Amino acid sequence: MRLAAGAAGVALLLGACGGGGGTTGDGKDAAEGYDPAAQVTLTWWTGQTTDAEAKAEELAAEYTKAHPNVTIKTSAGASTTDDLLTKLSAGFTAGSYPDVSYAYGSWAGELATSGKTQDLAKYVADPSFGWTEMPAAARDTATYEGKVIGVPSLVDNLALIYNKKLFDDAGVAYPTDQWSWDDYRAAAKRLTNAAQNVYGTAYSVSGSEDTTWHLWPMLWQRGGKILDGRKPAFNSDAGVGALELLRAMAVDDKSMYLDQTDEKYGPLFNDGHLAMMLSGPWALLDIKEAGLDYGVVQLPGYNGDHQTVSGPDLWVLFDHGDANRAGASRDFIKWLTSKETDAKWNLAIGNLPLRSSEQGTPEFAEYVKEYPGGQKFFENLTNAKQARPTLAGYEEMSRNVGDAIAKVLQGAAKPKEALDEAAKKSAGALE
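All figures in this text were calculated on a predicted structure; none of them were measured in a lab.

**Q** Help me out: how do you make sense of the packing of helix 11 (residues 237–253) against helix 18 (residues 394–409) in this one?
**A** The description of two helices packed together rests on the angle between their axes and the distance between the axes. Across the interface, helix 11 lies against helix 18 with an axial gap of 8 Å and an inter-helix angle of 40°. By the angle between their axes, helix 11 is oblique relative to helix 18. Two secondary-structure elements touch here, helix 11 through Leu243, Leu246, Arg247, Ala250 and Val251 and helix 18 through Ile405, Val408 and Leu409. Among the residues making up the contact of helix 11 with helix 18, the classes are represented as seven nonpolar, no polar and one charged.

**Q** Explanation requested: the packing of helix 11 against helix 19 (residues 415–426) in the structure shown.
**A** The contact between helix 11 and helix 19 brings their axes to 9 Å, and the two run at 125°. Relative to helix 19, the element helix 11 is oriented oblique. In this structure, helix 11 meets helix 19 at a crossing whose hand is right-handed. Contact residues: Gly239, Val240, Leu243, Glu244 and Arg247 in helix 11; Pro415, Lys416 and Leu419 in helix 19.

**Q** Whenever I open this one, the pattern of salt bridges confuses me. Can you help?
**A** A side chain of one charge can pair with a side chain of the opposite charge when the charged atoms of the two come close. Scanning the model with the defined rule gives 18 salt bridges in all. Close ionic contact of aspartate 29 with arginine 330 constitutes a salt bridge, the shortest N to O distance being 3.1 Å. One end of the pair, aspartate 29, is in the loop between helix 1 (7–16) and strand 1 (40–45); the other, arginine 330, is in helix 14 (residues 323–336), with 301 residues separating them in the sequence. Residue class for aspartate 29 comes out partly exposed when judged on its relative accessible area of 30%. Classification of arginine 330 by relative accessible area gives buried; the value is 5%. Between lysine 416 and aspartate 420 there is a salt bridge; the shortest N-O distance is 3.4 Å. One end of the pair, lysine 416, and the other, aspartate 420, are both in helix 19, four residues apart, so they sit about a helical turn from each other.

**Q** When you look at the environment of alanine 186 in this model, what are you seeing that I'm missing?
**A** Looking at where alanine 186 falls in the secondary structure, it is placed in helix 8 (residues 181–191). By relative accessible area, alanine 186 is classed as partly exposed at 43%. Each C-alpha atom of the pair alanine 186 and alanine 94 lies 55 Å from the other, and the pair is 92 residues apart in sequence.

**Q** Mind showing me how you'd approach the side chain of aspartate 259 here?
**A** Mapping aspartate 259 onto the fold places it in strand 11 (residues 256–259). Although aspartate 259 is buried, it forms no salt bridge, and the closest oppositely charged side chain is lysine 264 at an N-O distance of 5.8 Å. One polar contact links the side chain of aspartate 259 to the main-chain amide nitrogen of tyrosine 265, over a distance of 2.9 Å.

**Q** Any chance you could explain the sheet that holds strand 1 here in plain terms?
**A** By definition, the strands of a sheet pair up through backbone hydrogen bonds, in either a parallel or an antiparallel sense. Strands sit in the order 2-1-3-14-6 across an open sheet of five strands; the sheet is mixed. Looking at which strands have only one partner, the edges of the open sheet turn out to be strand 2 (70–75) and strand 6 (150–154). Within the sheet, the average angular offset between the axes of one strand and its neighbour, ignoring direction, is 25°. Relative to strand 2, strand 1 is paired through six bridges, and the arrangement is parallel. Across the sheet, tryptophan 45 pairs through a bridge with serine 75, a residue of strand 2. Against the sheet, helix 2 (residues 50–66) touches strand 1 and strand 2, its axis set at about 175° to strand 2.

**Q** What should I look at first to understand the sheet that holds strand 12 (residues 276–279) in this one?
**A** Taking strand neighbours across the sheet as the criterion, the three strands line up as 12-7-13 in an open arrangement whose pairing is antiparallel. Strands with a single pairing partner mark the edges of an open sheet, and in this sheet they are strand 12 and strand 13 (294–297). Between one strand axis and the next, the sheet turns by 25° as a mean value, whatever way the strands run. Here strand 7 (residues 159–163) pairs with strand 12 via four bridges, running antiparallel. Its bridge partner being in strand 12, leucine 160 is matched across the sheet by leucine 278. Relative to the sheet, helix 8 contacts strand 7 and strand 12, its axis offset from that of strand 12 by approximately 135°.

**Q** Would you mind going over the packing of aromatic side chains with me for this structure?
**A** Using the criterion set out here, one finds 23 aromatic pairs in the structure. Relative to tryptophan 345, the ring of tryptophan 315 lies with its centre 6.5 Å away and its plane at 40°, an arrangement referred to as tilted. Taken together, the residues span a long stretch of sequence, with tryptophan 315 in strand 14 (residues 313–317) and tryptophan 345 in helix 15 (residues 339–345) at a distance of 30 residues. With a relative accessible area of 1%, tryptophan 315 lands in the buried category. Aromatic side chains phenylalanine 332 and tryptophan 335 sit 6.1 Å apart centroid to centroid with 25° between the ring planes, which places their arrangement in the stacked category.

**Q** Just checking my understanding: could you explain the pairing of strand 6 for this structure?
**A** Along any regular strand the residues' side chains alternate between the sheet's two faces. Along strand 6, five of the five residues are buried, which leaves the element largely enclosed by surrounding structure. As paired elements, strand 6 and strand 14 share four bridges and run antiparallel to each other. Its bridge partner being in strand 14, leucine 154 is matched across the sheet by aspartate 313.

**Q** Would you explain the nonpolar core in this entry?
**A** If you look at the biggest cluster of nonpolar residues, it comprises 54 residues, and the most contacted ones within it are Trp216, Phe234, Leu246, Met276, Met397 and Leu409. Discounting chain neighbours no more than four positions away, the residues touching leucine 246 are Tyr203, Leu215, Met218, Met256 and Leu409.

**Q** For this particular structure, what's the right way to read unusual backbone geometry?
**A** Leave glycine aside and you will find that most residues have negative phi; peptide bonds, for their part, are mostly trans. For asparagine 197, which is not glycine, the phi dihedral falls at a positive 55°. Mapped onto the elements of the fold, asparagine 197 is located in the loop between helix 8 and strand 8 (201–204). Despite not being glycine, lysine 254 has its phi angle at roughly 55°, a positive value. When you line up the elements, lysine 254 lands in the loop between helix 11 and strand 11. A residue is classified by how much of its surface remains accessible, and lysine 254, at 54% relative accessible area, is exposed.

**Q** I keep staring at the pairing of strand 14 and nothing clicks. Help me out?
**A** Summarising burial for strand 14: five of the five residues are buried, a large majority. In strand 14, alternate side chains face the same way, and those of Asp313, Trp315 and Leu317 on one face and Leu314 and Val316 on the other are all buried. Across five bridges, the pairing between strand 3 (residues 100–104) and strand 14 is antiparallel. Each bridged residue has a counterpart across the sheet, and for tyrosine 102 the counterpart in strand 14 is tryptophan 315.

Quick notes on the rules
Residue numbers restart at each chain and count upward from 1, following the sequence in its written direction. Totals for whole chains, interfaces and linings use all residues, but because this is a predicted model, local features are given only for residues with pLDDT of at least 70 and pairs of side-chain atoms are given and counted only at 80 or more. The side-chain values count all of the structure's non-hydrogen atoms but skip hydrogen atoms and water molecules. Axis lines are fitted through C-alpha atoms, for helices just across the contact stretch, and the angle between N-to-C directions can take any value from 0 to 180 degrees. Secondary structure elements follow DSSP: runs of H or I no shorter than four residues count as helices, runs of E no shorter than two count as strands, and numbering proceeds from the N terminus. Roughly parallel covers angles under 35 degrees, roughly antiparallel covers those over 145, roughly perpendicular covers 65 to 115, and oblique covers all other angles. Any two residues having at least one pair of non-hydrogen atoms within 4.5 Å are treated as being in contact. In the scheme used here, Gly and all other residues not listed as nonpolar or charged are polar, with Ala, Val, Leu, Ile, Met, Phe, Trp, Tyr, Cys and Pro taken as nonpolar and Asp, Glu, Lys and Arg as charged. Crossing handedness follows the turn of the near helix against the far one: under a right angle anticlockwise gives a left-handed crossing, and clockwise gives a right-handed one. Counted as salt bridges are all cases of a side-chain nitrogen of Lys or Arg within 4 Å of a carboxyl oxygen of Asp or Glu. To sort residues, take the accessible area from a 1.4 Å probe on protein chains only and compare it with the maximum for the residue type: under 20% means buried, over 50% means exposed, and anything in between is partly exposed. When charges are counted, neither His nor the chain ends are considered; positive counts come from Lys and Arg and negative counts from Asp and Glu. The definition of a polar contact used here is a pair of N or O atoms within 3.5 Å, where within protein one atom must be able to donate a hydrogen and the other to accept one, and adjacent residues in sequence count solely through side-chain atom pairs. Two strands make a pair as long as DSSP finds a minimum of two bridges between them. Any two rings among Phe, Tyr and Trp, with Trp reduced to its six-membered ring, count as a pair given centres within 6.5 Å; such a pair is stacked if its planes are under 30 degrees apart, edge-to-face if over 60, and tilted if neither. Residues belong to one nonpolar core when they are buried, are Ala, Val, Leu, Ile, Met, Phe, Trp, Tyr or Cys, and are joined through side-chain atoms within 4.5 Å.

Rendered as structure tokens:
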């Protein structure tokens, strides 16, 4: 997962909701009457950086060569992925939105209520699609109140990445898959060396989704829930207990580097100033380039529960009231996310495969060889047992929770009062 857009983009999008084509205003399937031979032009916003965008254009050309009646206009869509949400909002108002766009999973609720998305529920239910080969958390993220607005574009999860040299230097045994959070805390304290500017671990206190979603697996492991229906439930004893452990590490032990930007803890790990990092497979490329000797284990657990959180991103398909465009975009995304094509896409750019069936491909074998720890992240997908909510108010709630976490880790509030305040602030947005 990459970091979610700010509140301004969400506000713009919410202002754009409430009109337009949606899943066809009359309730019909957007692709009803689709003619696979019709001449069609699709617009695809990939949301990718330069290198990945070039790969996307290669794949679009491969598809259109096999389907000469289809033209695909491919672009990143915006200067950064974060900017896509604002760009989509403006496009909804102007009628200039794409057929397919990359979207962060945390935007799913906002996009689903825009009235502009297709509903793919029946389409992906066809056995030929192989929907169940994709992780459950990713499928759930693409689903809003029974409506499937897109197809997973990226799957990931959080695990514990550690620097072997720093563990060796401190005489601390390497983490294992059986570690508890108390083990994690104890190791972080021993690994912290202020004289050498080495911290045991780190946490984002920017208040962004990167701050918030690191708390969710700790909440789930303790039996807690993010929501109870549409009401905030993260301020339960489970949530307070999880945040108290983090507070103790940051405030009492001073074993946790507090990153104000989301952008510093990764480079600190790569430079040898951070012994442990709770991060995802997207970090492996930079770690490899840094030449670190590292290991990956699943998240520490509570009472033997090692649930993680996945931040799936999506290819969201939009409806323009044109059955041929709707049908062609579905066919293209089915091809793009197929076992054969995804191996040439996600694995080629360093991501995990979308489908369990890709484990036996030559591309996957090359991936795990090139990125030590890739196999562990792939296996850890089975620990992603719950998905973040896709309600339209999730973005606002996430910001409130992120702010609460940041206050607590910086010693400015206690876990219970901070989470209670966040729940109170979020209640209206979730109704």
